[in-house]
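Okay, here's what each chain looks like letter by letter:
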Amino acid sequence: MSIKFFCLSFLISMPWLGAQDFSAFQYRTVGPERGGRVTTATGTHLLPGTFYLGASGGGVWKSEDYGTTWNNVSDGYFSTPSIGAIEVAANDPNIVYVGTGSDGLRSNVISGKGMYKSIDGGQTWEHIGLKNVGQIGAVEIDPTNSNIVWVAAIGNAFRPNAERGIYKTTDGGQHWQKMLFLSDEVGFSDLELLPGNPNVIYAAAWKAQRKPWTIISGGSKEEGGIYKSVNGGVDWIKLEEGLPLGTIGKIDLAVSPTNSSIICAVIEAPEKERGFYKSMNQGKSFEHLSDNLGLVNRPFYYTNVELDPTNPDIVYSNANPLLKSIDGGKTWKRMSVPHGDNHDIWINPNNPDLLIQANDGGANVSFNGGKSWSTQFNQPTAELYQVEVDDQYPYWLYAGQQDNYSTIAVPSFPPSAIQNPGTGWIINAGGCETGPAVPKPGDHTTVYANCKGRFGVFNKQTGVEKSYYVGASNIYGHNPKDLKYRFQRVAPVHVSPHDPNTVYHGSQYLHKTINGGQIWNTISPDLTAFEPDKQVISGSPITRDITGEEYYSTLYSIRESTIKKGLIWTGSNDGVISLTKDGGQNWTNVTPKKLPKGGRVESIAPSNHDVATAYIAVDRHLLGDERPYLYKTNDYGAHWELISTETNGIPADHTTRVLREDPVRKGLLYAGTEYGMFVSFNDGQTWKSFQQNLPVTPITDLKIFRGDLVLSTMGRGFWILDDITALRDMKITALDDTAHLFKPDATVRFRYPKVRSDDAFPEYPRTSVYVDYYLPQSVDALKLEILSAKDETLVTILSDSTELNSSVTEVEDMNLSATFRYVNKKLGHQKGMHRFAWDLQQKGAWDKDAKKRFKNGPMAPPGTYTAKLTVNGKALMQKFDILIDPRVKEEGLDEAAIARQLDMQRQVIDLLSQARKLQADLEKEAKSLKGNGGQEARLATIEAAVKKLKNDKGAYPQQMLVAQIAYLYYMINGADQIIGADGSQRYEQLATEFEELKKQVGA
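Everything numeric here is computed off the predicted structure, so don't read it as measured data.

We now examine the overall build of the protein chain. From N to C terminus, the protein chain includes nine helices and 65 strands. Over its C-alpha trace the protein chain gives a radius of gyration of 33 Å, about what one expects of a compact globule, namely 30 Å for 1003 residues. Viewed in the frame of its principal axes, the protein chain has a C-alpha envelope of about 110 × 70 × 60 Å. As displayed, the protein chain has an accessible area near 39000 Å², and 49% of this comes from carbon and sulfur atoms. In the protein chain, which carries 102 positive and 113 negative side-chain charges, the distance between the mean positions of the two groups comes to 3 Å.

Following both chains from N to C, one finds helix α7 (residues 936-949) and helix α9 (residues 981-1001) inclined at 165 degrees, their axes separated by 9 Å at the closest point. On the basis of their axis angle, the class for α7 and α9 is roughly antiparallel. When the axes of α7 and α9 are compared, the crossing they make is left-handed. Where α7 abuts α9, its residues Arg938, Thr941, Ala945, Lys948 and Leu949 lie against Leu997, Gln1000 and Val1001. For the contact of α7 with α9, the residue count by class is four nonpolar, two polar and two charged.

Another point: the sheet that holds strand β41 (residues 521-522). Strand order in the open sheet formed by four strands is β38-β39-β40-β41, and the pairing between neighbours is antiparallel. In this open sheet, the two strands that pair with only one neighbour each are β38 (493-495) and β41. Here three bridges tie β38 to strand β39 (residues 503-506), and the two strands are oriented antiparallel to one another. What sits directly across from Val493, in β39, is His505.

Turning next to the packing of aromatic side chains. Under the counting rule described, the total for this entry stands at 23 aromatic pairs. Judged by centre distance (5.3 Å) and plane angle (90 degrees), the rings of Phe78 and Trp125 are edge-to-face. Here Phe78 is found in the loop between β5 (71-72) and β6 (83-88), whereas its partner Trp125 is found in the loop between β8 (115-118) and β9 (126-127), with 47 residues between them in sequence. You can call Trp125 buried: its relative accessible area is 9%. Seen from their ring centres, Tyr865 and Phe880 are 5.9 Å apart, and the 20 degrees between their planes marks the pair as stacked. Taken together, the residues Tyr865 in strand β64 (residues 863-871) and Phe880 in strand β65 (residues 874-884) connect sequence positions 15 residues apart.

This part covers the environment of Ser220. Summarising the element assignment, Ser220 is placed in the loop between β16 (214-217) and β17 (225-229). Sequence separation of Ser220 and His494 is 274 residues, and the distance between their C-alpha atoms is 45 Å. With residues up to four places along the chain from it excluded, the contact list for Ser220 reads Gly246 and Ile248.

What follows is about the pattern of salt bridges. When the charged atoms of two side chains with opposite charge come close together, those side chains can pair. Scanning the model with the defined rule gives 46 salt bridges in all. Notably, a salt bridge pairs Lys848 with Glu923, separated by 3.9 Å at the nearest N-O pair. Of this pair, Lys848 sits in the loop between β63 (832-838) and β64 while Glu923 sits in helix α6 (residues 895-929), placing them 75 residues apart in sequence. Classification of Glu923 by relative accessible area gives partly exposed; the value is 22%. Residues joined by salt bridges that share partners form a network here, namely Arg37, Asp360, Glu383 and Asp403.

On to the environment of Thr554. Mapping Thr554 onto the fold places it in the loop between β41 and β42 (555-560). Exposure remark for Thr554: the relative accessible area of 0% places this residue in the buried category. With residues up to four places along the chain from it excluded, the contact list for Thr554 reads Arg486, Phe487, Gln488, Ser507, Gln508, Thr528, Ser572 and Asn573.

For the rest of this paragraph, the subject is the state of the cysteines. This model, assessed by the stated rule, comprises one disulfide. Paired by a disulfide, Cys432 and Cys451 hold their sulfur atoms 2.0 Å apart. Across the S-S bond linking Cys432 and Cys451, the dihedral sits near 90 degrees, which makes this disulfide right-handed. Highlighted residues: Cys432 in the loop between β33 (427-428) and β34 (437-440) and Cys451 in strand β35 (residues 443-451), separated in sequence by 19 residues. By the burial criterion, Cys432 is buried, and Cys451 matches it.

Time to look at α9. In a regular helix each residue adds 1.5 Å, so 21 residues correspond to 30 Å; α9 covers 31 Å between its end C-alpha atoms and thus fits that length. Those residues of α9 that are buried lie in contact with α6, α7 and α8 (961-973). Two residues or fewer past α9, Gly1002 is found with a positive phi of approximately 70 degrees.

What follows concerns the confidence of the model for the protein chain. Per-residue confidence for the protein chain averages 94 on the pLDDT scale, and 95% of its residues sit at or above 70. Under a pLDDT of 50 for its full length, residues 1-16 has, in the predicted model, 16 contacts with residues more than four places off or in other chains. Every residue in residues 804-816 scores below 50 in pLDDT, and together they form 28 contacts with partners more than four places removed in sequence or on other chains.

Okay, the sheet that holds strand β36 (residues 454-459) next. The strand order across the open sheet formed by four strands is β34-β35-β36-β37, and the pairing between neighbours is antiparallel. What marks the edges here is a single partner per strand, and that holds for β34 and β37 (464-467). Across the sheet, the axes of successive neighbouring strands diverge by a mean angle of 30 degrees, strand direction being ignored. As judged from the four bridges shared by β36 and β37, these two strands associate in the antiparallel manner. What sits directly across from Asn459, in β37, is Val464.

On to the side chain of His339, then. Note that His339 resides in the loop between β26 (333-335) and β27 (342-347). For His339, the side chain forms a polar contact with the main-chain oxygen of Asp403, separated by 2.5 Å. Sequence-distant contacts of His339, that is, excluding residues within four places in its chain, are made with Arg34, Asn359, Asp360, Gly361, Gln376 and Asp403.

With that settled, consider unusual backbone geometry. Tyr393 connects to Pro394 through a cis peptide bond whose omega is -5 degrees. Mapped onto the secondary structure, Pro394 falls in the loop between β30 (388-389) and β31 (396-399). The linkage connecting Ser540 with the following residue, Pro541, adopts the cis geometry, with an omega of 0 degrees. Mapping Pro541 onto the fold places it in the loop between β41 and β42. Of note in the backbone geometry, Phe854 takes a positive phi value of approximately 65 degrees without being a glycine.

With that out of the way, let us pick up the packing of α6 against α7. In a pair of packed helices, the angle between the axes and the distance between the axes together describe the arrangement. Direction vectors running N to C along α6 and α7 enclose 145 degrees, while the axes themselves pass 9 Å from each other. Handedness of the crossing formed by α6 with α7: left-handed. Taken together, the residues of α7 that come into contact with α6 (itself represented by Ala915, Leu918, Gln919, Leu922, Glu923, Glu925, Ala926 and Leu929) are Arg938, Leu939, Ile942, Ala945, Val946 and Leu949. Each residue belonging to the contact of α6 with α7 can be placed in one class, and the counts come to ten nonpolar, one polar and three charged.

So, how was this worked out
- Residues numbered from 1 in each chain as written.
- Predicted model: local features only at pLDDT ≥ 70, side-chain atom pairs only at ≥ 80, totals over all residues.
- Heavy atoms only, no water.
- Helix = DSSP H or I, 4+ residues; strand = E, 2+ residues; numbered from the N terminus.
- Rg over C-alpha atoms; globule rule 2.2 N^0.38 Å.
- Areas by Shrake-Rupley, 256 points an atom, 1.4 Å probe, with all protein chains shown as cover.
- Lys, Arg positive; Asp, Glu negative; His and termini not counted.
- Charge placed at Lys NZ, Arg CZ, Asp CG, Glu CD.
- Axes fitted to C-alpha atoms, helices over the stretch in contact; angles between N-to-C directions.
- Parallel < 35°, antiparallel > 145°, perpendicular 65-115°, else oblique.
- Left-handed = near helix turned anticlockwise from the far one by under 90°.
- Contact = heavy atoms within 4.5 Å.
- Nonpolar A, V, L, I, M, F, W, Y, C, P; charged D, E, K, R; others polar.
- Pairing = 2+ DSSP bridges.
- Phe/Tyr/Trp six-rings, centres within 6.5 Å; stacked < 30°, edge-to-face > 60°.
- Buried < 20%, exposed > 50% of the residue type's maximum accessible area, 1.4 Å probe, protein only.
- Salt bridge = Lys/Arg side-chain N within 4 Å of Asp/Glu carboxyl O.
- Disulfide = S-S within 2.5 Å.
- Expected span 1.5 Å × (residues − 1).
- pLDDT = per-residue confidence, 0-100.
- Polar contact = N/O pair within 3.5 Å; in protein donor to acceptor, adjacent residues only side chain to side chain.

What follows is the structure in structure tokens.
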């Protein structure tokens, strides 16, 4: 009852927070445009240009143009972005079933949440059950009845669960029946229906589980193998003749569409029994045809076999590499694809040269049997481990991208003019896929990079990386207990906030360099739990897999206090928090006493406001515990408080990835979880979803930089929420029945570079001042004015409401006043939070066309302004600053130069307005004079004047006075610049010509 009372009291004290969804604050994606891991792909022979891909962390995407473009179709419907299998009904391309939970059981694999179904080609989806089965390895639709669907459930990747097994529905997913179950540790990686007789089913059993320190793939003969049913799953027999007799691991199956007697299997097994098997008699017996290691390279991750739908002698194997056999599986040759690490392939049964193939770089379509492929730079599904930012303008975002040979960097805004922005603004930044890549403060051309524990210093100008590995020893393939230095695959690198030359790097020890890695000093003892039973060779009982990903008892997070130099926090991937207050001379284990042991300390965040305060996020989902673990301490770790309880806002299955405190407002916290973002305004007492338009995907890291919230995700690249200033206003937690205008943040005034692109991705908004405001109820009269430092109204923006529309038609004076007013539908007048982006545009020239009138004005210059919001007659005011682009300042221009340019722009605008208005007046007068006897002389004078003002019709007419003035305005309005002598002289010429013309017509 006390908990209920507290929650009720909290909601009463903050009525707005109880109902507001923050929808006014929208994130934008900045790429990269390159694809990430795709674990399943399919097509439909009924629509040969239509394909689907399922990403491991990016959801379901659809292409209707042979892979030329891809669009996400799962956002807003799926509760997980992890996709295991996609199937399209054989007789209706609108019916699509998706099984969630990728079957590539990496340590960063995202849990499945069951089955989804679409009956309109992916436009909408319905969740149809099996929420708790875990990862789904295969989905098969009965070709004679699309309501009959089979599912192979691998199970929970990190713990035993009774929901593993083979499932069947006969009513399109309304009800499911478990048809085959072996144990809570054994699931099923694949199933196939016999062509021509869907009552015959083959299923591949697989014992699989991941632990932080090892991979379990396979078990005894009783814990794996191939099963067959001939009566729709009522009864099952195990197929054994010719198959491995002992330990058996992951299996994938394929049945020939042209000869149902042929069944193929790729099987993980000990060396002499591994590889490709084939049955010519529907599984009564198998023959082992190949033990090619490429067929079972990292089988827990790959293992996929597919037969050509027209020729059973052509066989494809997806692993590392992609292999093809043209002799029924006896011999194999490597195929070239855009990226390594292959997972799936679908071949059009009507045209086997048309196929789609899935790998760690995305999905790619081929028209010619794999000789060439469509691009992977059109599917933004990048898996990123972290985010760092540099201090140039605009700032760039850096991260390790899974399955990329280098770390990457992309800009927050367009940094230059370019013709292909999506792919052109992604650069290599050193290290490799795991990262991190940390730009040096004050010198963004230098990047401290990492690759699975290998430290390097990357020079962006030369593209060359210098290597300074701690220990200089290759740690691959070792038992971690024998290593001098244990580095996690994602080994942390941290630059001191007090000295850009001081860099920290973590093995099980904390290492420090002050000269770019040339000399490393170890400044700590082992800061991990180092339990002996966890120090094992990864991969059992069949396949070794030792890449550093499973090295347990290593440092995972390092942070030095921004307040006190030498106060350093570390967190290990086996759950230990350590602290030194003297730069490493003395260390204390400050692990929370109530924190369950063994979790991965994903992030540490020392407070920017209190030296004794810190926040941690701990991830235990690899131990089968998905609960969020967020803690804070106010006394250097002597005591900790859990701030992610069962009742304070973050769901129980949202594993926590990152926790940061706002650098400006104390107690304002941001948390990234496995399935999205959360915010707390009261130091973690309560949390609220801060997801808005973000897709459901793990938030791996976040930074608050220059007033922006910057995110990295495991499956959808980087995202930015521009300008979080309103969140820092204490009023935001106490909004009531009074309208409120938040103070706009200082805004850098930049020119958008010339970019040739019709693509909306990445999302790069133009220069804008974000004006955030709250309305307690819908209003009929809403007006936003931008006032200059002299309190002159420059712009008046009206909301799209009935009462105000007529007021915009008022005739404006033709003097030098810089004010203008217009209606903008985005100036919302409904109840709730709103954000309006003012584009810095002032009054432009008059135009006869009311829709163009006063548009395309000059940008407001740097300076102090006031936003004035009038709500039902009551004015709310906030001052803000517009700042000069630092790059412009580096060119030698200052605020005074921009002011002089603006003076000239206004003069030209006024001249252009007068010329256009004169032309319109003269044309109107000429129209009235035609047919009016006795006015021929006046009519001739007017027509002669109009000819001097207006271009003739037709191709390439001579440019007359109005066009010449507009041309001059174009010349002086495209960049911040000193007006050239020719421009000034030309203005004088045009102004003189206009004055003479006015005299001629008596104006």
